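Next come the chains, spelled out residue by residue.
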Amino acid sequence: MSRSTPFDTLLVANRGEIACRVMRTARAMGLRTVAVYSDADANARHVREADEAIRLGPAAARESYLKVEAVVEAAKRSGAGAIHPGYGFLSENGAFVEALDAAGIVFVGPPASAIAAMGDKSAAKARMANAGVPLVPGYHGDDQDDALLRAEADKIGYPVLLKASAGGGGKGMRVVESGEGFQAALDGCRRESQAAFGDQRMLIEKYLTQPRHVEVQVFCDSHGAGVYLFERDCSVQRRHQKVLEEAPAPGMSEGLRREMGEAAVRAAKEIGYVGAGTVEFLLDADGSFYFMEMNTRLQVEHPVTEMITGQDLVEWQLRVAMGEELPLAQNELTITGHSFEARLYAEDPEQDFLPATGTLTRFAMDLEGAELDPARVRLDSGVATGDAVSMHYDPMLAKLIVHGNDRAQALATLNRALAALDVQGVVTNRAFLQRLATHPAFQACELDTRFIEKNEATLFAPKQYSTEEYAGAALVGLHQLARECESDSPWDRHDGFRLNAPHTIRIALCDPAHAQDDDDSEAVVVVEGTREREDAAWHLTIGSETLTARLDSLEGDAVAITLDGHRRRLQARLVGEGSERNVVVIVDPRGETRLFWRRIDAIDHGRQEAESTLTAPMHGTVVALLVEPGARVEKGMPLMVMEAMKMEHTMAAPADGHVASFHFQAGDTVGQGDVLLEFAADD
Ligand code: ADP
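Below is a short write-up of the structure. Note that this is a predicted model, so its numbers are computed, not measured. Counting from 1, residues in each chain are numbered in the order their sequence is written. A pLDDT threshold of at least 70 governs which residues receive local features in this predicted model, and a stricter bar of 80 or more applies before side-chain atom pairs are shown or counted, although totals over entire chains, interfaces and linings include all residues. In computing side-chain values, all of the structure's heavy atoms are included and hydrogens and water are not.

This part takes up the pairing of strand S39 (residues 675-681). Each residue is placed in one exposure class: buried if its accessible area under a 1.4 Å probe, protein chains only, is under 20% of its type's maximum, exposed if it is over 50%, and partly exposed if it falls in between. The numbering of helices and of strands both runs from the N terminus, where a helix is a DSSP run of H or I of at least 4 residues and a strand a run of E of at least 2. In terms of burial, S39 is a largely internal element, 6 of the 7 residues being buried. Pairs of strands are assigned from DSSP output, requiring at least two bridges between the strands. In this structure, strand S37 (residues 657-662) lies alongside S39, joined through 5 bridges in antiparallel fashion. Along S39, the bridge assignment pairs Phe 662 with Leu 677.

The subject of this paragraph is the state of the cysteines. In protein chemistry, a disulfide is the covalent bond that joins the sulfur atoms of two cysteines. For this text, the term disulfide refers to a pair of cysteine sulfurs within 2.5 Å. This model, assessed by the stated rule, comprises 0 disulfides. Just so you know, Cys 234 is unpaired, no disulfide at all, and the nearest cysteine sulfur is the one on Cys 445, 14 Å from it. Cys 234 sits in the buried class, given a relative accessible area of 0%.

Time to look at the packing of aromatic side chains. One pair of aromatic rings is described through two measures. These are the centre distance and the angle between the planes. Each pair of aromatic rings taken from Phe, Tyr and Trp, with Trp reduced to its six-membered ring, is defined by centres within 6.5 Å and is described as stacked if the planes are under 30 degrees apart, edge-to-face if over 60, and tilted in the remaining cases. For the coordinates displayed, the defined rule picks out 12 aromatic pairs. With 5.0 Å between their ring centres and 20 degrees between their planes, Tyr 65 and Phe 89 make a pair best called stacked. Residue Tyr 65 is found in the loop between strand S3 (52-57) and helix H3 (68-78), and its partner Phe 89 is found in the loop between strand S4 (82-84) and helix H4 (94-103); the two are separated by 24 residues along the sequence. Taking 5.8 Å as the distance between ring centres and 55 degrees as the angle between the ring planes, the aromatic pair formed by Phe 340 and Phe 442 counts as tilted. Linking Phe 340 in strand S15 (residues 338-345) with Phe 442 in helix H14 (residues 440-443), this pair joins segments that are 102 residues apart in sequence. Of the two residues, Phe 340 and Phe 442, both sit in the buried class. Here a set of aromatic residues connected by ring pairs shows up, and it is made of Tyr 65, Phe 89 and Tyr 393. We count a charge as sitting over a ring when the NZ of a lysine or the CZ of an arginine lies within 6 Å of the ring centre and within 35 degrees of the ring normal. For Arg 407, the ring lying beneath its charged end belongs to Phe 442, and the centroid distance is 4.9 Å.

Quick look at the site of the ligand now. Near, as used in this document, describes a residue that has one of its heavy atoms within 4 Å of the molecule or strand being considered. Around the ligand sit 20 residues in total, of which Lys 121, Lys 163, Gly 170, Glu 205 and Lys 206 are the nearest. Throughout this description, a polar contact denotes any pair of N or O atoms lying within 3.5 Å of each other; where both atoms belong to protein, one of them has to be capable of donating a hydrogen while the other can accept it, and for residues adjacent in sequence the pair is counted only when both atoms sit in side chains. Contacts to the ligand include Lys 121, whose side-chain N or O atom sits 2.6 Å from an oxygen atom. Taking Lys 163, its side chain carries an N or O atom lying 2.7 Å from an oxygen atom of the ligand. Here, Shrake-Rupley sampling with a 1.4 Å probe gives the accessible areas, and only protein chains in the shown set may cover a residue. Across the complex, the protein chains shield 92% of the 560 Å² of accessible surface that the ligand would expose by itself. Where the shell around the ligand is concerned, the elements lending two or more residues are strand S7 (160-164), strand S9 (202-206) and strand S14 (289-295). Boundaries of every domain are those given by an automatic assignment or by a domain database. Shared between two domains, the shell around the ligand holds at least three residues of each, these being domain 2 (137-206) and domain 3 (213-336).

Take the environment of His 392 next. With respect to the secondary-structure elements, His 392 resides in the loop between strand S21 (388-389) and strand S22 (396-404). For His 392 and Gly 277, which are 115 residues apart along the polypeptide, the C-alpha to C-alpha distance reads 27 Å. If near-sequence neighbours (up to four positions away) are discounted, His 392 is found in contact with Ala 40 and Ala 59. In this description, contact between two residues means that some pair of their heavy atoms is separated by no more than 4.5 Å.

The values reported here are purely geometric and, on their own, carry no functional implication.
And the structure:
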């Protein structure tokens, strides 16, 4: 049989982080690796890392990664003896497995018959009932008569969940709160299921109101052995998509762990399973658990299991596919510590998680700078700095996986690691992950599948900023601008700052989401100090508070900000385009702060009496200088015209006097807050 044939070349029929991850293990096992790619991925990371790569077709997955014949052809062309499907794409496609069997290529996964057995929800439930695996109370029979279904729902007790037997991806699924709404919901689900799957069969389940999603990793070899590698809790989901996963599941007793593990192995054996699989259960508040479905492939979240067991699941998969026995028996498997995985998506949580695209101008993680132990932190990613993120595929960029001696330590490491992850150029859910991972309810293990929904108010609340955050952002903005301008030193030229002279600067800060609003959401920080030395102290006034502050640059984007003797290390930078680079981003282990930064005046105290300055109200272009320096003007006379947002703005004389100097010429671009000219009023 082909599955017991050893092979020396592995083709990975996938892309992104999973393709890179599978090839890493394959290489370590001495296998030659072959990648496949679509036109959108011609220079993608998985292609760069493979020994060989073969083009499948155009960008659309239908014409490339999902095309069975093209993948089989690529295997033949490269001489690959085996194909690892990763997850998604062809990983649970029975016809693909049959095509490989026919071509004598090993499929790293279960037999087609096992995939088929789990493909239909009703049929799978019947098999599971047979194997003594607990099911959610419900009905999954063939008789689909309206009155009978209604009677079954009444018997189960409301709320019930209607599910399409042929369903997947949450389609054709509806919660029914009471008998009155049943018929309408049934009609709706049938229509949806017919449209999506060409099938109208329904099953009914009791709807559990506070279940946790707990799944068991199982492994079987082709010699009849099967083990479980414990469980993962994946309750933190957004629209049935997992966001944060952990292993082991908090609060599991040894007894329950064994019971669920053994039920999962029974489920796998019932369908003649071979390889890595996951049996998903709903765990109810009272400790009852119910079979939900089996995923007949490696899961996205498998690394948390690897972290707590010390095993490489891809190596297990490849060994099993080569016909070897399972590397370990049940009593040789143990759990060490705790692990979390956070999924980094290119999406905007503030815009209903809209997928984001762009070019990653930076994608890096500074483990050393954040003092993170490389043995405890793993970044599985399919991208690198410079890569483009397109609309064609799943927006997951990477997975951050951490390990700790216990849950609290692992969670602290997760937060530090999220803070050390530096992603620029593409909007991601990184800050949202930080809000989740620092959420008190998550820290207290108050887990259920509606966690995000239930905590929406606090997870998405408009941010309240602390004095420390305002102070830090004000300084970071000043510091970064100074550093960027150092080459031609406009620091001294444009803005009223004078070396060795005391000065005052006012900075307005507000939530970037409200940058266009009227002023009441703004905080004003008054900064006083000198620039004799870069690390000189500043005096900051925010409302009624005053603080002594200093800023020290460390390596890269890292800075240390000391406020009244309290020093904090953080990552800080300015983001935005060109001279609109005015959002300060500060990341520390407690989360991410973004503040829109704007100078609202610049006054040189030394000469304030005799001279005043005029600053640009917004980013724009100088259109014309209307007077000669030195020429006398009267208060209100136009001095200079600038254009911003397609409108002209005239700078007028603030008093009788003369322009001492202009800082810009017609045609120059000016940034918001730039000092445009020096004005000397008459005595
Ligand atoms: P699909 O195959 O469409 O993804 P599943 O049967 O796997 O559908 O269910 C998806 C999600 O719906 C689960 O992860 C869980 O959050 C929720 N769910 C499923 N069945 C129930 C149930 N009986 N009670 C409560 N929630 C459920």
